[in-house]
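Fold and geometry: a report
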Amino acid sequence: MFGNGMNESRLQTYTPPRSRVAARAQAPLIAHILFRLDVGGLENGVVNLLNHMPRGRFRHAIICLSDFTDFRLRIQNREEVGLFALQKRRGKDPAVYFRLWRLLRRLRPDIVHTRNIGALDCAFIAALAGVPHRVHGEHGWDVDDLHGESRKYQTLRRVLRPLIDRYVVVSHDLDRWLTHSVRIPRQQVSSIINGVDTKAFCPATDGRTALIEAAGPAFAGDAFVIGTVGRMQPVKDQLTLARAFIQLVHAQPQLRARLRLVMLGDGPLRSEVAGLLQRGGLHDSAWLPGARDDIAALLHGFDVFALPSLNEGISNTVLEAMASGLPVVATAVGGNPELIVDNDTGRLVPPNDPAALAAALAEYAKTPELAIAHGRAARARAERNFGLQQMVTAYTDLYDGLLK
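Below you will find a few notes about this structure. (Residues numbered from 1 in each chain as written. Predicted model: local features only at pLDDT ≥ 70, side-chain atom pairs only at ≥ 80, totals over all residues. Heavy atoms only, no water.)

1. What about the overall build of the protein chain?
Looking only at helices and strands, the protein chain features 16 helices and 13 strands. The C-alpha atoms of the protein chain give a radius of gyration of 22 Å, which matches the 22 Å a tight globule of 404 residues would have. Projected onto its principal axes, the C-alpha coordinates of the protein chain cover approximately 70 × 40 × 40 Å. Relative to its full complement of 404 residues, the protein chain shows a buried share of 56%. Just so you have it, the protein chain exposes about 17000 Å², and 51% of that area is on carbon and sulfur atoms. (Helix = DSSP H or I, 4+ residues; strand = E, 2+ residues; numbered from the N terminus. Rg over C-alpha atoms; globule rule 2.2 N^0.38 Å. Buried < 20%, exposed > 50% of the residue type's maximum accessible area, 1.4 Å probe, protein only. Areas by Shrake-Rupley, 256 points an atom, 1.4 Å probe, with all protein chains shown as cover.)

The following block contains the structure:
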């Protein structure tokens, strides 16, 4: 299997079979190519997939074009998963493609699965390396191409289309975009919506103990906690949530003593959000601890989950909040309307609209019983429609279909 040592390039030591015939005597090897393995929805989906696929059905390797972080520790069977970092430099780095080609020739994977635009051109390198099957996943958007309208990226997707056996999209919104805007043939596209572990993420049985222990006594008692989880970067737009929180507190002074805000995650917007809350006089009513590994426990301390993104594929954090029995207030963008039933499991609001977001949050703060009812409906919907096993089965069937 894969070894644990790394050389100076952070490539894990791995001795592949001497021939493809020998490789086929083992379980098929799937190489997942990402730009970077770090905290994020795409990366969380990959880790969930590897953790819950039947052991021994496939072998897996994760190839990072740049690097990986301690997020790799979430992989449960790390001794069986090869992890490789190609150390791509900022900007253009043609040498990284040679390193990738050489690695693929050494590993001899049966399938290469690239994800998002940052790894799409690796399908060409995989073809040059003789990888028999190539899958590409579209998982969401970046602020630099918020609605997938970049001509350069659309052209790249069309040029590489003949090299890709199957595209995977995580939402119907992405499916429509890929087939209509990019014009990828319908028969090449599979929709596999993300799933959530409804055992790991479940309604609270211990109150908000974990949140109080971590954030302090200000979050105890009758506090009403508005929370969010995600990378703090422009496409996630946590600034709008901070502005909405400030507006909510000023518009509902009778609630000021109870209202609290929690933002879990790190990124370039974190200091800006903290400064905005400081200037609004609400620094003591908010907790921004950065990235955390105890998300499931901390969600138990929320009363409502908010997602102010400018665009989304399918949000893992929304699914985790739903499974935890929380109502979700989210922007009506991307795949969010596929998860949230407005006025049943949560509320949908326009993007970049602090007033609308504040009004939806105020409704739950003033009517706690509505928050509880919508949270129960969200949990039921997560169990019914977005179980993790459904996702795992769909990917297993996809890989098996290609290999046959």
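Structure's up, so let's keep going.
2. Brief notes about the sheet that holds strand β11 (residues 304-307)
The strand order across the open sheet formed by six strands is β10-β9-β8-β11-β12-β13, and the pairing between neighbours is parallel. Two strands in the sheet have a free side with no partner beyond their single neighbour: β10 (286-290) and β13 (346-349). Here the strands of the sheet are splayed against their neighbours by 20° on average, with no regard to which way each runs. With four bridges connecting them, strand β12 (residues 328-331) and β13 associate as parallel partners. Of the residues in β13, the one forming a bridge with T331 is V349. Its contacts with the sheet place helix α12 (residues 316-323) against β8 (224-229), β11 and β12, and it is angled at close to 170° to β11. Packing of helix α14 (residues 354-366) onto the sheet brings it into contact with β8, β9 (259-264), β11, β12 and β13, and relative to β13 it is tilted by some 165°. (Pairing = 2+ DSSP bridges. Axes fitted to C-alpha atoms, helices over the stretch in contact; angles between N-to-C directions. Contact = heavy atoms within 4.5 Å.)

3. Re empty space enclosed by the protein
For the structure shown, the criterion picks out one cavity of 30 Å³ or more. Taken as a whole, the largest cavity holds about 50 Å³ of empty space. Every element with two or more residues in the lining of the largest cavity is listed here: α2 (41-52) and α16 (388-403). Per-element tally for the lining of the largest cavity: the top contributor is α2, with four residues. When the residues that make up the lining of the largest cavity are grouped by side-chain class, the tally is five nonpolar, three polar and one charged. (1 Å grid on protein atoms, 1.4 Å probe; cavity = no way out; pocket = protein on both sides within 12 Å on 5 of 7 lines; lining within 4 Å. Points joined across faces, edges and corners; volume = space filled by probe spheres on them. Nonpolar A, V, L, I, M, F, W, Y, C, P; charged D, E, K, R; others polar.)

4. Brief notes about the packing of helix α9 (residues 238-251) against helix α10 (residues 270-279)
Packed helices, taken two at a time, are described by the angle between their axes plus the distance between the axes. Orientation of α9 relative to α10, taken along the N-to-C sense of each, is 10°, at an axis distance of 9 Å. Compared by their axis directions, α9 and α10 come out roughly parallel. The chirality of how α9 crosses α10 is right-handed. Residues Q238, L239, A242, R243, F245 and I246 of α9 form the contact with α10, whose participating residues are E272, V273, L276 and L277. (Parallel < 35°, antiparallel > 145°, perpendicular 65-115°, else oblique. Left-handed = near helix turned anticlockwise from the far one by under 90°.)

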